[in-house]
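In case you want the letters, here they are:
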Amino acid sequence: MLRLLLLLMVCLTKGNEDTLQVMQDEEFSKLLKEEPIVVALFCTDKNAETCEEFESELASVREDFIDMMQGDGWFVKLVNSNLVSQYSPKSDVPVTVMFRRELPVLYDGPANGDVMLETFMRYKEPGVKELTDSTFEHLTQAASGATTGDWLVLFYSDDCEQCARMTAVLETVACKHRGRSNVAKVNKQTHGEKTGRRFELGIDNKPQLIFFRLQKMYTFTLDQYDVATLDSFVSGFYKNMPSKPVPVPKTPFDDLVQMCVDYMKEYPVLVGCGVAVPVILILLFIWLVRGEGEERLKKKKKKKSKENKDK
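Draft legend 1. Structural detail: the state of the cysteines. All chains considered together, the criterion is met by two disulfides. Across the disulfide, Cys43 is cross-linked to Cys51 (sulfur-sulfur distance 1.6 Å). Here the S-S torsion is close to 45°, and the disulfide linking Cys43 with Cys51 is therefore right-handed. Like Cys43, the residue Cys51 is buried in the burial classification. Covalent S-S linkage joins Cys160 and Cys163, the inter-sulfur distance amounting to 2.2 Å. Disulfide Cys160 to Cys163: torsion about the S-S bond roughly 75°, handedness right-handed. The pair Cys160 / Cys163 is uniform in exposure class, with both members buried. With cysteine numbering restricted to those in disulfides and following the sequence, the chain has the pairing 1-2, 3-4.

Here's what the structure looks like:
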């Protein structure tokens, strides 16, 4: 039903080739679930003039893009949308996002139709790989030789909101560096917990980025997670960060020790209580046993004293 309605609206507005169909957030969210390819232009009242340039260029390549995608593709515009913060840390400029089966990737180039079309075609396939404990070393070869190339890896947890908002940024960096560097992510809370402990990342819910290159690792320590900053980091800025040798996977015993250390750091009070309770119980048991022993000894002394008096 939504698809038919949108087709009708596009036909009615087709006379104006320089504009895109304007949508509200709720309507847009439904469209993402139904269509495999959607290109969205997010604008605000403050950047309306610049937005018109991007809108005109996007409208000029709309038909060519849809033809190249064999009929799949929607171009829409959202104004003052609350959704833009989920895809880009910047909202002071027009934000163009291409969704591939709901997976977003950012266009960070100029308002040029030819460049946009070429970029969209290069970005049409997902770029970020999902790694687990069983696949991390096999695919990255981080400690054994790095013959698969350089790797930028995000270590995240399910309750990390900042990590979720980095999806589009990571996809963009992955697509920009496709064929030169790899971009991946590891859930250190579930299927990548051993890998997270291998690099001693703790169990907090902050995003942690590490760049692996030639058996060395460089930790990203900046507070900016936009495309330009991560692109610069992968392209060479990593050299300004301290490097460390990539550690080999931990033995089961070392992994258990590291897990205990992580929990002690993250939950010191809880761990302290967990240690204190059995200690208190042991001391209480000793006190009770000792009390009973002293009571028996007193009774024996009284009994002996009484026997001596009777004699």
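Draft legend 2. Inspection of the sheet that holds strand β1 (residues 21-22) at higher detail. Spatial strand order, β1-β3-β2-β4-β5: five strands in an open sheet with mixed pairing. Two strands close off the open sheet at either side, each with one partner strand: β1 and β5 (103-107). With two bridges joining them, β1 and strand β3 (residues 74-79) adopt parallel strand pairing. Looking across to β3, one finds that Gln21 is bridged to Val76.

Draft legend 3. Inspection of the packing of helix α7 (residues 167-176) against helix α9 (residues 227-235) at higher detail. Running from N to C, α7 and α9 cross one another at 40°; their axes reach a closest spacing of 9 Å. In terms of orientation, α7 lies oblique with respect to α9. The way α7 lies across α9 gives a crossing that is right-handed. On the side of α7, the interface is formed by Val169, Leu170, Thr172, Val173 and Lys176, while α9 contributes Val227, Leu230, Asp231 and Val234. Residues of the contact of α7 with α9, tallied by class, amount to six nonpolar, one polar and two charged.

Draft legend 4. Just the pairing of strand β9 (residues 208-213), in detail. With five of six residues buried, β9 is to be regarded as a mostly interior element. One ladder, built from five bridges, connects strand β7 (residues 150-156) with β9; its direction is antiparallel. Bridge pairing links Trp151 to Phe212 in β9. Sheet topology note: the β9/strand β10 (residues 216-219) ladder contains four bridges and is antiparallel. Residue pairing in the sheet places Ile210 in a bridge with Thr219 of β10.

Rules used in this analysis
- The numbering scheme is per chain: residues are counted from 1 as the chain's sequence reads.
- With pLDDT at 70 or above as the cut-off, local features in this predicted model cover only qualifying residues; side-chain atom pairs require 80 or more to be listed or tallied, and sums for whole chains, interfaces and linings still use all residues.
- The side-chain values count all of the structure's non-hydrogen atoms but skip hydrogen atoms and water molecules.
- Two cysteine sulfurs form what is called a disulfide whenever their separation falls within 2.5 Å.
- Accessibility here uses a 1.4 Å probe with only protein chains present; expressed as a share of the type maximum, an area under 20% marks a residue as buried, one over 50% as exposed, and anything in between as partly exposed.
- A pair of strands counts as paired when DSSP detects no fewer than two bridges linking them.
- Numbering of helices and strands runs from the N terminus, with a helix taken as a DSSP run of H or I at least four residues long and a strand as a DSSP run of E at least two residues long.
- Axis definition: a line fitted to C-alpha atoms, limited for helices to the stretch in contact. Angles are taken between N-to-C directions and run from 0 to 180 degrees.
- An angle below 35 degrees is read as roughly parallel, one above 145 as roughly antiparallel, one from 65 to 115 as roughly perpendicular, and any other as oblique.
- Left-handed is the label given to a crossing in which the near helix is rotated counterclockwise from the far helix by less than a right angle, and right-handed is the label when the rotation is clockwise.
- Whether two residues touch is decided by their heavy atoms; if any such pair falls within 4.5 Å, the residues are in contact.
- Asp, Glu, Lys and Arg are counted as charged, while Ala, Val, Leu, Ile, Met, Phe, Trp, Tyr, Cys and Pro are counted as nonpolar; the rest, among them Gly, fall into the polar class.

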